[in-house]
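Observations on the model geometry
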Amino acid sequence: MISLENVSKWYGQFQVLKNCSTSVAKGEVVVVCGPSGSGKSTLIKTVNGLEPVQKGKIVIGETEITSKATDLARVRSKVGMVFQHFELFPHLSILKNLTLAQIKVLGRSEEEACEKALSLLERVGLLAHADKYPAKLSGGQQQRVAIARALCMDPIVMLFDEPTSALDPEMVNEVLDVMVELAYEGMTMMVVTHEMGFARKVANRVIFMDAGEIIEDTSKEQFFTNPQSDRAKDFLAKIIH
Amino acid sequence: MDLDFGQILPNLSYILHGLLLNLEITATTVIFGIIWGTLLAIMRLSSFKVLRWFALGYVNIFRSIPLMMVLLWFYLLVPQLLQAFLDLPATTDTRFISALIAFALFEAAYYSEIIRAGIQSVSKGQISASLALGMTKGQALRMVVLPQAFRIMTPLLLTQGIILFQDTTLIYTLSLADFFYRAVNIVGNRDGLVTEMIIFTGAVYFVICFTVSRLVNYYKKRVTR
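Residues numbered from 1 in each chain as written. Chains lettered and ligands numbered in written order. Predicted model: local features only at pLDDT ≥ 70, side-chain atom pairs only at ≥ 80, totals over all residues. Heavy atoms only, no water.

Observations concerning the overall build of chain A
A tally of regular secondary structure across chain A gives 9 helices and 10 strands. Taking 2.2 N^0.38 as the reference for a compact globule, 241 residues should give roughly 18 Å; the C-alpha atoms of chain A span a radius of gyration of 18 Å, in line with that estimate. If you line up chain A on its principal axes, its C-alpha atoms span 50 × 45 × 30 Å. Taking all 241 residues of chain A together, 56% fall into the buried category. Here chain A displays about 10700 Å² of accessible surface, and carbon together with sulfur accounts for 47% of that area. Counting 27 positive and 30 negative side-chain charges, chain A places the averaged centre of each group 4 Å from the other. (Helix = DSSP H or I, 4+ residues; strand = E, 2+ residues; numbered from the N terminus. Rg over C-alpha atoms; globule rule 2.2 N^0.38 Å. Buried < 20%, exposed > 50% of the residue type's maximum accessible area, 1.4 Å probe, protein only. Areas by Shrake-Rupley, 256 points an atom, 1.4 Å probe, with all protein chains shown as cover. Lys, Arg positive; Asp, Glu negative; His and termini not counted. Charge placed at Lys NZ, Arg CZ, Asp CG, Glu CD.)

This is the structure:
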């Protein structure tokens, strides 16, 4: 579903991604972790072209993201993305947040878009909040809305960029529960997170990054029980109490 | 000092009629200035070098020239342009339209700076989120960034409107019979009441501008609450 081949990216002189190669198969859940500044957020943003890369090849489905001829907007409409800071549109109601792109990008009718939006709001348990504005919701609720907004587009894959790291601890689980459910339904997911509990529960594979490099790319069993590199061991020792 | 304000009331309707001229120019300029200013701001932030340079040049030129000079310059230029393109007789009175064009082009430079700051105050994440949903850059700008930017900017745009309203007094240099011109140059000179009329016009300007700026503050509090 997703494949990255020798992806490299520089900010000026500084290389943030170094020859990263990996792939995500259909229905697979891949967790990307690593210390901050390791390039994991940058990596996931290259997948839908939000971060351009200078070298390498990225393919989603059949489409090569790194080709100049690609209509990025078209590809992105099929790739859901959830951000660390939710990024709901503050000037629109929750319902409008969910219908805007359906109507303007997919060309759905308002009626059809609303129906889809309401069914997804119900699924994330926020149907009662449809007419409120984002600022009235808690962080956890906002992030669930953001997930619903992405799902409205019927994505073929979902990307999560640290979806719980801006949340108060007591709200982390309500968001993870939605993600776990999504994983069980067979959604293809690439998730940047520090939530190792989530990784243990649903991940098929874990990618560990440090200093712009993919250090380990292995099954979750292997990663948690027998990490190969010292950096991964060190990271796990710090993060799992 | 012996001041005589008795002549204000009998001439009030004549003087206030001049105020319409100021208000007309203010309203037209605010509308045109915001539209053209928005386009300039977008050019300024565009990834096309030529557009960026054009907007930067435009803004810097107009912000470096006194408004009075721009007014006089357009006063001399516009009649010639109109005659060349529309074949109007040389006697056509183009003072008002000259003033209108000069104000609109001049103020757009200031509006574009306010609007640029407004656009930049909307977080980059909002654009990323829009693009991630498959919107084009244009859609993201129109449907996500600009609506938020204008909400933040409205008080500033209105405040600029107040400054602009005060600046419209300058059209008296083109001998246009605006509020100030009618009060001071016509009534004041005729009846020998220049001092009284200057005090009176100042008071009127103060009342209008102070009231509007209180309203802007009230609006600002309601929006930020």
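With respect to the overall build of chain B
Each helix and strand in chain B was counted, giving 8 helices and 0 strands. With respect to the three principal axes, the spread of C-alpha positions in chain B is 70 × 50 × 25 Å. Looking at chain B as a whole, 44% of its 225 residues qualify as buried. By sequence separation, contacts in chain B at least 24 residues apart represent 76% of the contacts at least 6 residues apart. Here chain B contributes 17 positive and 11 negative side-chain charges, whose respective centroids are spaced 25 Å apart. (Contact = heavy atoms within 4.5 Å.)

Considerations on the pairing of strand E10 (residues 213-219) of chain A
Residue and element names in this part refer to chain A. In the sheet, strand E9 (residues 205-210) pairs with E10 via 6 bridges, with the strands oriented antiparallel. Residue pairing for E10: Asp 210 is matched across the bridge by Glu 213. The hairpin turn running from E9 into E10, its antiparallel successor, is 2 residues long, and Ala 211 in that turn takes a positive phi close to 50°. (Pairing = 2+ DSSP bridges.)

A look at the interface of chain B and chain A
Contacts between the two partners involve 16 residues from chain B and, on the opposite side, 19 residues from chain A. Between chain B and chain A the total buried area reaches about 1500 Å² when both faces are included, carbon and sulfur atoms providing 70% of it. Together, B:Ala132, B:Leu133 and B:Met143 form the three largest contributors to the area buried by chain B at its contact with chain A, with a combined 36%. Along the contact surface separating chain B from chain A lie 0 salt bridges. Viewed at the interface, chain A and chain B are joined by 4 residue pairs in polar contact (both at pLDDT 80 or more). Elements that contribute at least two residues to the side of chain B that touches chain A include exactly helix H5 (124-132) and helix H6 (137-167) of chain B. No other element matches the 7 residues that H5(B) contributes to the side of chain B that touches chain A. Looking at the side of chain B that touches chain A residue by residue, the class counts come to 8 nonpolar, 8 polar and no charged. (Buried area = accessible area lost by both parts, 1.4 Å probe. Salt bridge = Lys/Arg side-chain N within 4 Å of Asp/Glu carboxyl O. Polar contact = N/O pair within 3.5 Å; in protein donor to acceptor, adjacent residues only side chain to side chain. Nonpolar A, V, L, I, M, F, W, Y, C, P; charged D, E, K, R; others polar.)

Some thoughts on the layout of surface pockets
As a volume, the largest pocket reaches approximately 1100 Å³. Forming the boundary of the largest pocket are 31 residues, of which B:Lys124, B:Ile127, B:Ser128, B:Leu131 and B:Lys137 lie nearest the centre. Every element with two or more residues in the lining of the largest pocket is listed here: helix H2 (72-76) of chain A together with helix H4 (95-121), H5 and H6 of chain B. For the lining of the largest pocket, the element with the highest residue contribution is H5(B), accounting for 5 residues. In terms of residue class, the lining of the largest pocket is made up of 14 nonpolar, 10 polar and 7 charged. (1 Å grid on protein atoms, 1.4 Å probe; cavity = no way out; pocket = protein on both sides within 12 Å on 5 of 7 lines; lining within 4 Å. Points joined across faces, edges and corners; volume = space filled by probe spheres on them.)

Concerning the pattern of salt bridges
Counted by the stated rule, this structure contains 16 salt bridges over all chains. Note that A:Lys9 and A:Glu51 form a salt bridge whose closest N and O atoms lie 3.4 Å from each other. Remark: A:Glu51 occurs in the loop between helix H1 (40-47) and strand E4 (55-60) and A:Lys9 occurs in strand E1 (residues 2-11); sequence separation between them is 42 residues. Both residues of the pair, A:Lys9 and A:Glu51, belong to the buried class. The network of salt bridges with shared partners includes B:Arg44, B:Arg63, B:Glu113 and B:Arg116.

Some thoughts on the sheet that holds E1(A)
Residue and element names in this part refer to chain A. Strand order in the open sheet formed by 4 strands is E2-E1-E4-E5, and the pairing between neighbours is antiparallel. Edge positions in the sheet fall to strand E2 (14-24) and strand E5 (63-64), since each has one partner strand and no second. In this sheet, E4 lies alongside E1 in antiparallel orientation, the contact comprising 5 bridges. Across the sheet, residue Leu 4 finds its bridge partner in E4, namely Ile 58. Across the face of the sheet, H1 comes into contact with E1, E2 and E4 while running at roughly 120° to E1. (Axes fitted to C-alpha atoms, helices over the stretch in contact; angles between N-to-C directions.)

Considering the sheet that holds strand E3 (residues 29-33) of chain A
Hydrogen bonds along the backbone pair up the strands of a sheet, which may run parallel or antiparallel. Residue and element names in this part refer to chain A. The strand order across the open sheet formed by 6 strands is E6-E7-E8-E3-E9-E10, and the pairing between neighbours is mixed. Each of the sheet's edge strands pairs with one partner strand only, and the pair in question is strand E6 (79-82) and E10. Taken pair by pair, the neighbouring strands of this sheet meet at an average axis angle of 15°, ignoring direction. Across 4 bridges, E3 lies against E9 in parallel orientation. Residue pairing across strands places Val 32 opposite Ile 207, the latter belonging to E9. Running at roughly 150° to strand E8 (residues 189-192), H1 makes contact with E3, E6, strand E7 (157-161), E8 and E9 of the sheet.

Observations regarding empty space enclosed by the protein
Summed over all chains, the structure comprises 2 cavities of 30 Å³ or more. Approximately 60 Å³ is the volume attributed to the largest cavity. In terms of lining, the largest cavity is formed by A:Arg76, A:Val79, A:Gly80, A:Met81, A:Phe83, A:Ala146, A:Arg149, A:Ala150, A:Met153, B:Ala129, B:Ala132 and B:Leu133. Looking at the lining of the largest cavity, the elements with two or more residues in it are E6 and helix H5 (139-151) of chain A together with H5 of chain B. Approximately 40 Å³ is the volume found for the second largest cavity. If you trace the second largest cavity, you find it lined by A:Arg123, A:Val124, A:Leu151, A:Val178, A:Glu181 and A:Leu182. When its residues are assigned to classes, the lining of the second largest cavity shows 4 nonpolar, no polar and 2 charged.

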